[in-house]
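Here is what each chain is made of, one letter per residue.
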Amino acid sequence: VLDVTAAAMRFCAERTGKPYEGGTYTQVFAHGTVEQEAVGLTLLPEAYGARLATQPDDLRLLAHELSHQWYAVGIQCKDWSDFWLNEGLATFMADAFLESKFGKARYEKEIGESRGIYESLVKDGKDRPLSFTDWQTTQQASGRIVYHKGAWVLAQLRKQLGDEVFWRGLKLYTSRQWHTAVVSEDFQKAMQDAARKDLSKFFEKWVF
């Protein structure tokens, strides 16, 4: 069931412009609901491993955690204020991998789920900026906003810029910031340079 990991790793390397740096990549299945990346290592629930055996297309979690080898390990956010640069990017990258494997409809389905979660949070009065400095605990800085608003906003940026410019911008961001700690302005700058235009209105509305 894990053979697809190699394909997901190739996808991440191609889209980010950075090959996986580790000599090995280890996936550990553990009791409970643990879902956590580390350097060269991902912890996944045993129940998810069992589900993959019967639902081999249920690859979002596998691809999400692998994507963290680029966006969390290779590039770290400077502090919790821009945690979406880890989790929103990993969620979006997983959806884009599913698109590459199963087609556009699957991508739209996954992004649509993130949009639905985000819109329900807005309806409940729980929206907040992706770049969020008003946190006092890590729990306040995390939550579904960074995952699902993050993925939805990245999908909107991709739609606005077009595939060629968007993926060029992601490669530019990744190459510039590799092994550094980042803030949202770093991501904005790379996307603007790739697009050769000011994206301040988009980032003010959706990120800041």
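No experiment lies behind these values; they were computed from the predicted model shown.

(A) Summary view of the packing of helix H7 (residues 144–161) against helix H9 (residues 184–195). Running from N to C, H7 and H9 point in directions that differ by 15 degrees, and their axes come no closer than 12 Å. Compared by their axis directions, H7 and H9 come out roughly parallel. With respect to the hand of their crossing, H7 and H9 are arranged in right-handed fashion. Contacts between H7 and H9 pair Leu154, Leu157 and Leu161 from the former with Phe187, Met191 and Ala195 from the latter. A breakdown of the residues in the contact of H7 with H9 according to their chemical character gives 6 nonpolar, no polar and no charged.

(B) Highlighting H7. Along its 18 residues, H7 runs 25 Å from first to last C-alpha, staying within 8% of the 26 Å computed at 1.5 Å per residue. In terms of residue burial, H7 counts as a mostly covered element, since 13 of its 18 residues are buried. In the stretch just after H7, Gly162 is the one whose phi turns positive, near 90 degrees.

(C) Focus on the sheet that holds strand S3 (residues 41–45). One open sheet accounts for 3 strands, arranged S1-S3-S2; its pairing is mixed. The open sheet has two free edges, formed respectively by strand S1 (26–30) and strand S2 (36–38), since each of these has just one partner strand. Ignoring strand direction, the axes of neighbouring strands in this sheet form an average angle of 20 degrees. Relative to S3, S1 is paired through 5 bridges, and the arrangement is parallel.

(D) Representation of the side chain of Lys149 within the structure. Mapped onto the elements of the fold, Lys149 is located in helix H7. On the basis of relative accessibility, which here comes to 3%, the residue Lys149 falls in the buried class. In terms of polar contacts, Lys149 uses its side chain to reach the side chain of Asp127, at 3.0 Å. Look past the residues within four positions of Lys149 in its chain and what remains in contact with it is Tyr118, Asp127, Arg128, Pro129, Leu130, Arg144 and Trp206.

(E) Just the environment of Thr24, in detail. Mapped onto the fold, Thr24 is located in the loop between helix H1 (4–16) and S1. In the structure, Thr24 is positioned 16 residues away from Gly40 in sequence and 6.6 Å away in space, judged by C-alpha atoms.

(F) Region of interest: the environment of Leu121. Among the secondary structure elements, Leu121 is positioned in helix H5 (residues 104–123). Apart from residues lying up to four places away in sequence, Leu121 is in contact with Lys126, Asp127, Arg144 and Ile145.

(G) A look at the packing of helix H4 (residues 84–102) against H5. Closest axis-to-axis distance for the H4/H5 pair is 6 Å, and the angle between their directions is 155 degrees. The pairing of H4 with H5 is recorded here as roughly antiparallel in orientation. Seen from above, H4 lies across H5 with right-handed handedness. Packed against H4, whose contacting residues are Thr91, Phe92, Asp95, Ala96, Leu98, Glu99 and Phe102, the element H5 presents Lys104, Arg106, Tyr107, Glu110, Ile111 and Ser114 at the interface. Residues of the contact of H4 with H5, tallied by class, amount to 6 nonpolar, 2 polar and 5 charged.

Reading guide: rules and limits
- Residues numbered from 1 in each chain as written.
- Predicted model: local features only at pLDDT ≥ 70, side-chain atom pairs only at ≥ 80, totals over all residues.
- Heavy atoms only, no water.
- Axes fitted to C-alpha atoms, helices over the stretch in contact; angles between N-to-C directions.
- Helix = DSSP H or I, 4+ residues; strand = E, 2+ residues; numbered from the N terminus.
- Parallel < 35°, antiparallel > 145°, perpendicular 65-115°, else oblique.
- Left-handed = near helix turned anticlockwise from the far one by under 90°.
- Contact = heavy atoms within 4.5 Å.
- Nonpolar A, V, L, I, M, F, W, Y, C, P; charged D, E, K, R; others polar.
- Expected span 1.5 Å × (residues − 1).
- Buried < 20%, exposed > 50% of the residue type's maximum accessible area, 1.4 Å probe, protein only.
- Pairing = 2+ DSSP bridges.
- Polar contact = N/O pair within 3.5 Å; in protein donor to acceptor, adjacent residues only side chain to side chain.

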